[in-house]
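Survey of secondary and tertiary structure
Single-letter residue listing:
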Amino acid sequence: MIHFVWLLVACVLCLGGGAGLTVLLISRKSSQSRSNAAKILENAYAEAKTAKKEAILEAKEEIHNLKEKCDAEIAERYNEISKSESRLLLKEESLTRKEEALDKRSETLDTTFNQVKEKEIELERAQEELDKANEKVALALEKASGMTKEEAKKQLTDMFVEQAKHDCASLVRKMEDEAVETAEKKAREVLTLAVQRCATNITSEITVTVVPLPNDELKGRIIGREGRNIRAIENATGVDLIIDDTPEAVVLSAFDPYRREIARVALEKLILDGRIHPARIEEIVEKAQKDVDAMVKEAGENAVYEAGIIGLHPELVKILGRLKFRTSYGQNVLKHSLEVCHLAGLLAEELGANAKIAKRGGLLHDIGKALDQEQEGTHVSIGVDIARKYKESQEVIHCIEAHHGDVEFHSLEAIIVQTADAISSSRPGARRELLDAYIKRLENLEKIANSFKGVDKSYAIQAGREIRIIVKPNEVSDSAIVFLAKDIARKIENELQYPGQIKVNVIRETRASDVAK
C-alpha cells in the first residue's frame, strides 16, 4: 500500500501542479488507510492470540481425555492379566496333583505286575505238576481198562455223539409236534373265520318240479285225446310229465334241471294260453327254450357280479350261467361255485395270497360240468380247455386243473381253491344223499364200533358225522379209551367212504350206588 501511495505521488508531480489538490486528497486518504491497516493488524493479532490460547486449551483437554482412556485400558489389561495368571496357577497346581497321582498309580501297577508275574510262575509250576499227575492217572487208567488213551477218547466221543443225536431227535420230534399242533390250530382258525364270514346259502335241488294248475279240468286237456298232448310235451322237452291224484298240480320229473326248467316254463305258458295241441306245444317249447337261455345268461352275469370279478369273457359268462341247471349230488353247481369263490377269497385274504386269482379260480373250477354231457372227458379237463380257449391266465387254469389233485400244486391259490371246494362240498346239508345209502352208512358206523371188545353201546349222531361210544368200565380202563378211539377212527377210515370227517367220542362212566336204611 505504501509503495502505491508513493507511486501515485510521483505521478501527480509529473502531471504538474494543477493536480496538487488531488494529490493532497490522496495523501490524506493514504494516512487514514495506514491507520486502519494498523488497527486491522492489531485486531488480527489479538484474534490470533485468542485462537492460540483456545487451541492450546483444546489440545490439553484432548491430551487429558486420551490419558484417562489409556489409563482405563491399562487397568483393564492389568486385571485380565491378573486373572490369567490366577487361572494358570490353578492349572499348574491341578497338573501337579495329577502328576503325583499318576506317579502313585504307576508304583501300584508296578507292584501288581510283579505280583501277577509271580502268580504266573506259580501257575506254570502247578500246571506242570497237574500234567504229570494226569499222565500218571492216564497210565493207571490204561492199565486198569486195557485201552489206550486214543481208544478211550474215541469211545467217549462216540458215546457223546450218540447221546447228542438222541437229544437232537427228541428235540426235533418235539418241535415237529408243536409245529403240527400250532399249524392245525391256525388252520382251524383261518378256515372257521372264512366259513363264518361266508354267508352263502345252498339248497339241494330235487329231481321233480311241481307246476300248479288253476283247476283239475286242465289235467284232461294236458293229456289230450288218447294222450297225444302229453306225449308231445314229453317228446319236445325230454321230461316225464306225471299226472296223478294230486289236486291242482302236475309233476315234471327229470334228472336234467335245464330240461325240467324248459318244460316248466312251456307248461305255464300253455296253461295261460289255453290252446293245448301238438303244434302249439312245439311252438311254445321253442319260445320257452329261448327264455331259459336268456335266464342262463342273466344267471351267469348275476354270478359274476356277485363274485365281484371283472374282465370275464362273455362266452364264459354264458357257460357259467348253465351251471344254474346243473347239480352234483343234489347240490346246485352254480351256487356251489359261488360259495367256493367267496371262501377262496376269504382264505386268500387270511393267508396273504392273491385273492383275485383265488376267487376267479374258485368261480370257474367246475365250469367243465356245464358241458360234460356234450363233450368227452372229465369236467376238470373240459374246464381247462374252456379256460384256455377264452384266454384265462395260467394261474387260474392251474387252480381249475388242480382242484381235485389231478396235478401237483404249484401255487398257494390252487391249494386254497381245493380247500374251499372241500369245505363247500363236505359241510353238513350241502349235498343230498339217498336215504338208503345214508341209513346204511349209519348202520356201518355203529357196526364198526360194536365190533371192538369192551364196547357196550354206540350211537351215530349229527347226521352220521359223529359216533358216540359207551364202553364197559370193568373191561376198558381210562388210559385204554384213548387207544380205542384211535383204533375205531382208523377202521372207519379204511372201511367206509364218506364226505368230510367223522368224530369218534368214547365215553367211560363208573357208577357206585348204595341204599340208605
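Quick notes on the rules
Residues numbered from 1 in each chain as written. Predicted model: local features only at pLDDT ≥ 70, side-chain atom pairs only at ≥ 80, totals over all residues. Heavy atoms only, no water. Helix = DSSP H or I, 4+ residues; strand = E, 2+ residues; numbered from the N terminus. Buried < 20%, exposed > 50% of the residue type's maximum accessible area, 1.4 Å probe, protein only. Contact = heavy atoms within 4.5 Å. Areas by Shrake-Rupley, 256 points an atom, 1.4 Å probe, with all protein chains shown as cover. Axes fitted to C-alpha atoms, helices over the stretch in contact; angles between N-to-C directions. Parallel < 35°, antiparallel > 145°, perpendicular 65-115°, else oblique. Nonpolar A, V, L, I, M, F, W, Y, C, P; charged D, E, K, R; others polar. Core = buried A, V, L, I, M, F, W, Y, C linked by side-chain atoms within 4.5 Å. Expected span 1.5 Å × (residues − 1). Polar contact = N/O pair within 3.5 Å; in protein donor to acceptor, adjacent residues only side chain to side chain. Pairing = 2+ DSSP bridges. Patch = residues over 30% accessible without salt bridge, like charges linked within 9 Å, V, L, I, M, F, W, Y side chains within 5 Å. Salt bridge = Lys/Arg side-chain N within 4 Å of Asp/Glu carboxyl O. pLDDT = per-residue confidence, 0-100.

Moving on to the overall build of the chain. Secondary structure assignment for the chain yields 15 helices and 8 strands. Within the chain, the fraction of its 517 residues that count as buried is 30%. Of the contacts made within the chain by residues no fewer than 6 positions apart, 61% connect residues no fewer than 24 positions apart. On the chain, roughly 35,800 Å² of surface is accessible, and the fraction owed to carbon and sulfur atoms is 55%.

Take the packing of helix α11 (residues 379-389) against helix α12 (residues 394-402) next. Following both chains from N to C, one finds α11 and α12 inclined at 170 degrees, their axes separated by 8 Å at the closest point. Classified by the interaxial angle, the pair formed by α11 and α12 is roughly antiparallel. In this structure, α11 uses V380, G383, V384, A387 and R388 to contact α12, whose residues at the interface are I397, I400 and E401. Taken together, the residues that form the contact of α11 with α12 break down as 5 nonpolar, 1 polar and 2 charged.

Grouped together as the largest cluster of nonpolar side chains are 43 residues, with contacts concentrated most on V304, I319, L320, L363, L364 and I386. Looking at this core, the elements with two or more residues in it are α7 (278-307), α8 (314-321), α9 (333-351), α10 (355-364), α11, α12 and α13 (412-426). With 9 residues, α9 is the largest single contributor of residues to this core. Non-local contacts of I319, meaning those with residues more than four positions away in its chain, are made with I367, A370, L371, I386 and Y390. Counting residues in each nonpolar core, the second largest holds 28 residues, with V211, I233, I281 and V285 among its members.

In this section: α9. Taking 1.5 Å per residue as the helical rise, α9 with its 19 residues ought to reach 27 Å, and the 26 Å between its terminal C-alpha atoms agrees with that figure. Judged by how many residues are buried, α9 sits mostly within the fold: 15 of 19 residues are covered. Regarding α9, its N-cap is N332, as a side-chain oxygen of that residue lies 3.0 Å from the backbone nitrogen of L334 further along. One or two positions beyond α9, positive phi appears at G352, with a value near 75 degrees.

Listing the buried residues of α8 in full gives L316, V317, I319, L320 and G321. Considering only its buried residues, α8 is in contact with α7, α9, α10 and α11.

Bringing the sheet that holds strand β1 (residues 208-212) into the picture now. The strands making up a sheet are joined through hydrogen bonds of the backbone, oriented either antiparallel or parallel. Strand order in the open sheet made by the 3 strands is β1-β3-β2, with antiparallel pairing throughout. Edge positions in the open sheet fall to β1 and β2 (240-242), since each of these has one partner strand only. Strand after strand, the sheet turns through a mean of 25 degrees between neighbouring axes, direction not considered. As paired elements, β2 and strand β3 (residues 249-253) share 3 bridges and run antiparallel to each other. Looking at β3, one finds that I242 is bridged to V251. Sitting on the sheet, helix α6 (residues 257-273) is in contact with β1, β2 and β3, with an inclination near 10 degrees to β1.

Of all 5 residues making up β3, 5 are buried, and the element is well covered by its neighbours. A two-sided burial pattern is seen for β3, the buried positions comprising A249, V251 and S253 on one face and V250 and L252 on the other. Bridge count for β1 against β3 is 5 bridges, and the pairing is antiparallel. Bridge pairing in β3 links P212 to A249.

A separate point is the environment of A355. In this fold, A355 is placed in helix α10. Taking the C-alpha atoms as reference points, A355 and C341, 14 residues apart in sequence, are found 9.6 Å from one another. In contact with A355, other than residues within four places in its own chain, are G345, A348 and E349.

Before going further, it helps to spend a moment on a nonpolar patch on the surface. Residues L156, M159 and F160 make up a contiguous nonpolar surface patch of roughly 330 Å² in combined accessible area. Note that M159 resides in helix α3 (residues 149-197). When its relative accessible area of 48% is taken as the criterion, M159 is described as partly exposed.

With that settled, the discussion passes to the pattern of salt bridges. Applying the stated criterion across every chain yields a total of 13 salt bridges. A salt bridge links K318 to E315; the shortest N-O distance between them is 3.8 Å. Pair noted here: K318 and E315 are both in helix α8, with a separation of 3 residues, about one helical turn. With a relative accessible area of 37%, K318 lands in the partly exposed category. Classification of E315 as partly exposed rests on a relative accessible area of 31%. When the shortest N-O distance is used, the salt bridge between R468 and E466 registers 3.4 Å. With relative accessibility at 11%, the residue E466 sits in the buried group.

What follows deals with unusual backbone geometry. You will see that E226, though not glycine, has its phi angle at about 55 degrees, which is positive. A residue is classified by how much of its surface remains accessible, and E226, at 72% relative accessible area, is exposed. In this structure, K391 is a non-glycine residue whose phi angle is positive, near 60 degrees. Structurally, the position occupied by K391 is in the loop between α11 and α12.

Once that is clear, we can look at the confidence of the model for the chain. When the pLDDT values of the chain are averaged, the result is 80; 83% of them are 70 or greater. Here residues 1-5 scores under 50 on pLDDT; set against residues more than four positions off or in separate chains, the count is 2 contacts.

All right, on to the sheet that holds strand β8 (residues 503-507) then. Spatially, β6-β7-β8 is the arrangement adopted by the 3 strands of the open sheet, whose pairing is mixed. The strands lining the two open edges of the sheet, one partner per strand, are β6 (455-461) and β8. Each adjacent strand pair in this sheet contributes to an overall mean axis angle of 15 degrees, direction not counted. Bridge count for β6 against strand β7 (residues 466-471) is 6 bridges, and the pairing is antiparallel. Among the inter-strand pairings, K457 is bridged to a residue of β7, identified as I470.

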